[in-house]
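# Inside the fold
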Amino acid sequence: MDSSRLPLRKAPGSGSAAARLRAVWPPLLVLAAMLLVWEAAVRLSSVEAWLVPAPSAIVQDAWDARERLAEHTVATLRLTLLGFAGGTAAGFGLAALLHLLPFVRSGVYPLLVLSQNVPLIALGPLLVVWFGFGLLPKLLLVMLVCFFPVCVAMLGGLRGGEPALERYMRMIGAGRWRRFISLELPGSITHLFSGLKLAASYSVTGAVVAEWIGSEKGLGIFMLLSSKGFKTSLVFAGVAIVVTLSLLLFAAVTEAERLTVRWRPRKEGTE
Amino acid sequence: MSVLEITGLRKSFLQDAGRTEVLGGVDLVVGEGEFVSLLGPSGSGKSTLLSLIGGLEGPDAGELRIAGELAGSRPGPAAYMPQQAALLPWRTVQGNIELALRIAGREKAEARRLAEEGLQRLGLERYARAYPHVLSGGMQQRISFLRALLSPQPLMLLDEPFGALDALTRQEMQQWLLSLWEQDRRSVLFVTHSIEEALMLSDRILVLSTPPATIVRELQVPFPRPRSEKLWSEPRFGELKAELYAALRSEH
């Protein structure tokens, strides 16, 4: 038997293209139906366009404003990606450091878990007071939002290794650093990705809120100004782009996980 | 020179009610190229003994020497095969073997070459690139044994390696291990609670008492090598089995 013919299990989230298509079209159909009902309802009723614009009107207005929209989208995307990268890197780094310093960990970990309940976005105005209206306070806010889920998930993953593997590694003489690199780090990869997925979902929201607080560019400020000018269709367009960015980032993380985790995860269906 | 020499080994642990003595003065020796089985009721401190040999913990009293060196003076003094195969799920079969050899101090290229050769010699090369989860329990234990066999340490510790397998696979694995071991006799300390397994494989059997554990019985296995499954039907095999069973029984 050739190893390529072994019944290798598929990584989670994968599946044949046909199976994926079968899973995708029912919700798409529902979405399309909802849009149709929306369009019909707006046309048949006398609701004002500034209150609820029809989907077709949203598309038309968005197309007319495409250059401005693109500019703001790029600004938001840049803020999101920078914050995501910085925040997750910091979360990963701190988790690794705390894991290697058990005494510090025992003091910090409970606080980290508690801090998940802090509405970080409420810190925005404070960051503006401290760091002004430049990129820095906005970046810090997005980083904060991405930092915590990754850090907490990693700390759990680094701790949650299998005792039998740990004992084996120690019996054959693997030192602390070797166990960290070869056992604990790879063992926590599925946890890392569940943290990254949370961070991906939060990061776009974080960026939009950061732009509300103070910004010249970005979808956040664009939506705010459009709403003040009663250009409701452009607010809707902004929302649609924000949702799309969120989904794309999430999909990118999921795909990265599929490519990285080629072995079966220890516990199936973690989060 | 004996590969493993243990004298007057004592170890106790703090438990809620106070100190529990697990090992109460264990003496044992494993000679060069000797296969010694340690037979004991469950909870008789077998895994504590292995932890002490591996240097994971220090003894309260007594001395352990592996190839003359005190236990704990060097990490990973013995090759080790645990009850669960303990293969890293994110490494291929070959990657797992290579890692163990690297930890034991082999160079990267050397580790790769040894792993490849070993897999080939045992006819397992088709699994080299497979991840452990696609392998059956028996196959995982074969890889785990090969990994220990290729490790350069003078002593092999086998910790109930077939304990988690079904009866049929278990017998198959015993014969497989027997034939491999008889080819290049390494020094082995084999922990088991199966009397037949100990009789089939060992040169010498030591019976451990309940805690605080000591060696209560020592038995030289008289069967010549190479051995085969035919041993099961020999009257002497049955007699020794009954004898060991009685020794274990009195310890319960």
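So, how was this worked out
Residue numbers run consecutively from 1 along every chain, following the written order of its sequence. Written order decides the labels, with chains lettered from A and ligands numbered from 1. Since the coordinates come from a predicted model, pLDDT governs what is reported: local features require at least 70, and pairs of side-chain atoms require 80 or more to be given and counted, while whole-chain, interface and lining totals use all residues. The side-chain quantities take in all heavy atoms of the structure and omit both hydrogens and water. Helix and strand definitions follow DSSP, with helices as H or I runs of at least four residues and strands as E runs of at least two, each counted in order from the N terminus. UniProt positions are given in the numbering used here, feature names are shortened, and annotations may be inferred rather than shown by experiment. What counts as a domain boundary in this text is fixed by an automatic or database domain assignment. Computed with a 1.4 Å rolling probe, the buried area is the accessible surface lost when two parts are put together, summed over both parts. Definition used for salt bridges: Asp or Glu carboxyl oxygen within 4 Å of a side-chain nitrogen of Lys or Arg. N or O atoms closer than or at 3.5 Å make up a polar contact, with two conditions inside protein: a donor-capable atom paired with an acceptor-capable one, and, for residues adjacent in sequence, both atoms drawn from side chains. Under the grouping applied here, Gly and all other residues not named as nonpolar or charged are polar, the nonpolar ones being Ala, Val, Leu, Ile, Met, Phe, Trp, Tyr, Cys and Pro and the charged ones Asp, Glu, Lys and Arg. Three labels apply to residues, based on accessible area from a 1.4 Å probe with only protein chains included: buried if under 20% of the type maximum, exposed if over 50%, partly exposed otherwise in between. Paired strands are those between which DSSP finds at least two bridges. Pairs were defined over the aromatic rings of Phe, Tyr and Trp, the Trp ring being its six-membered one, requiring ring centres within 6.5 Å. Orientation was assigned from the angle between planes: stacked under 30 degrees, edge-to-face over 60, tilted for the rest. To get an axis, a line is fitted to the C-alpha atoms, and for a helix only the part in contact is used. The angle between two axes follows their N-to-C directions and goes from 0 to 180 degrees. Whether two residues are in contact is decided by their heavy atoms: any pair within 4.5 Å suffices.

## A few points about unusual backbone geometry
A cis amide bond links B:Pro211 with the next residue in sequence, B:Pro212, at an omega value of -10 degrees. Geometrically, the link from B:Arg225 to B:Pro226 is a cis peptide bond, its omega value of -5 degrees lying close to zero. Topologically, B:Pro226 is positioned in the loop between β10 (215-220) and α7 (235-249). Unusually for a residue other than glycine, A:Phe230 sits at a positive phi of about 60 degrees. Despite not being glycine, B:Ala67 shows a phi value in the positive range, around 50 degrees.

## Examining the UniProt feature "transmembrane region" (unreviewed entry) in chain A
Residues and elements named next belong to chain A. UniProt annotation of "transmembrane region" (unreviewed entry) refers to residues 79-101, 108-133, 139-161 and 233-253 when read in the numbering used here. With 62% helix and 0% strand, residues 108-133 has its two end C-alpha atoms placed 31 Å apart. Within residues 139-161, the helical portion is 91% and the strand portion 0%, while the C-alpha atoms at the span's ends are 34 Å from each other.

## Here we look at the domain arrangement of chain B
All names here are of chain B. Per the domain assignment, the segments of chain B are domain 1 (1-43 + 51-78 + 154-237) and domain 2 (87-152). For domain 1 versus domain 2, the distance between C-alpha centres works out to 24 Å. A combined buried area of about 1,100 Å² lies between domain 1 and domain 2, and 65% of that area is made up of carbon and sulfur atoms. When the buried surface of domain 1 facing domain 2 is broken down by residue, Met156, Trp176 and Arg186 rank first, second and third, together holding 40% of it. The interface formed by domain 1 and domain 2 contains one salt bridge. Across the salt bridge formed by Arg142 and Glu172, the nearest N and O atoms sit 3.6 Å from each other. Where domain 1 touches domain 2, the interface holds three residue pairs in polar contact (both at pLDDT 80 or more). Among the residues forming the side of domain 1 that touches domain 2, the class breakdown is nine nonpolar, two polar and three charged.

## Thoughts on the pairing of strand β3 (residues 35-39) of chain B
Residues and elements named next belong to chain B. Within β3, five of the five residues are buried, which leaves it mostly tucked inside the rest of the structure. With burial as the criterion, each face of β3 is covered, one bearing Phe35, Ser37 and Leu39 and the other bearing Val36 and Leu38. The pairing of β3 with strand β8 (residues 187-192) spans five bridges and is parallel. Its bridge partner lying in β8, Val36 is registered against Leu189. Pairing of β3 with strand β9 (residues 204-208), which is carried by four bridges, proceeds in the parallel orientation. From the neighbouring strand, Leu39 faces β9, where its bridge partner is Val207.

## Overview of the packing of aromatic side chains
Residue and element names in this part refer to chain B. Here the structure, examined in full by the defined rule, presents 13 aromatic pairs over all chains. Taking 5.2 Å as the distance between ring centres and 85 degrees as the angle between the ring planes, the aromatic pair formed by Phe35 and Trp181 counts as edge-to-face. Within this pair, whereas Phe35 is found in strand β3, its partner Trp181 is found in helix α5 (residues 167-183), the two being separated by 146 residues in sequence. A centroid spacing of 5.5 Å and a plane angle of 40 degrees characterise the contact between Phe35 and Phe190, whose relative ring orientation is tilted. Here the residue Phe35 occupies a position in strand β3, and Phe190 occupies one in strand β8, the gap between them amounting to 155 residues.

## Observations regarding the sheet that holds strand β7 (residues 155-159) of chain B
Residue and element names in this part refer to chain B. On the basis of which strands lie adjacent, the open sheet formed by six strands has the order β6-β7-β8-β3-β9-β10 and mixed pairing. Across the chains shown, the open sheet's two edge strands, defined by having one partner strand only, are β6 (79-81) and β10. Neighbour to neighbour, the strand axes of the sheet diverge by 15 degrees on average, direction disregarded. Taken together, the three bridges between β6 and β7 define a ladder with parallel strand orientation. The residue bridging Met81 from the neighbouring strand is Leu158, located in β7.

## Considering the pattern of salt bridges
Residues and elements named next belong to chain B. Following the criterion strictly, the structure yields 23 salt bridges over all chains and no others. Two residues, Asp203 and Arg225, come together in a salt bridge whose shortest N-O distance is 2.8 Å. Here Asp203 is found in the loop between α6 (195-201) and β9, whereas its partner Arg225 is found in the loop between β10 and α7, with 22 residues between them in sequence. In this structure, Asp203 and Arg225 share a single accessibility class: buried.

## Some points on the interface of chain A and chain B
How big an interface is tends to be stated in terms of accessible area lost as the parts join. Residue-level contacts link 24 residues of chain A with 33 residues of chain B. For the chain A and chain B pair, buried surface summed over both sides reaches about 2,600 Å², with 69% attributable to carbon and sulfur atoms. Considering only the side of chain A, the residues that lose the most area to chain B are A:Arg167, A:Tyr168 and A:Met171, jointly responsible for 27% of the buried surface there. The interface formed by chain A and chain B holds zero salt bridges in total. Inspection of the region where chain A meets chain B yields five residue pairs in polar contact (both at pLDDT 80 or more). For the side of chain A that touches chain B, the secondary structure elements donating two or more residues are α7 (163-171) and α8 (176-187) of chain A. Looking at the side of chain A that touches chain B, the element that brings in the most residues is α7(A), giving seven residues. The class makeup of the residues in the side of chain A that touches chain B is 14 nonpolar, four polar and six charged.

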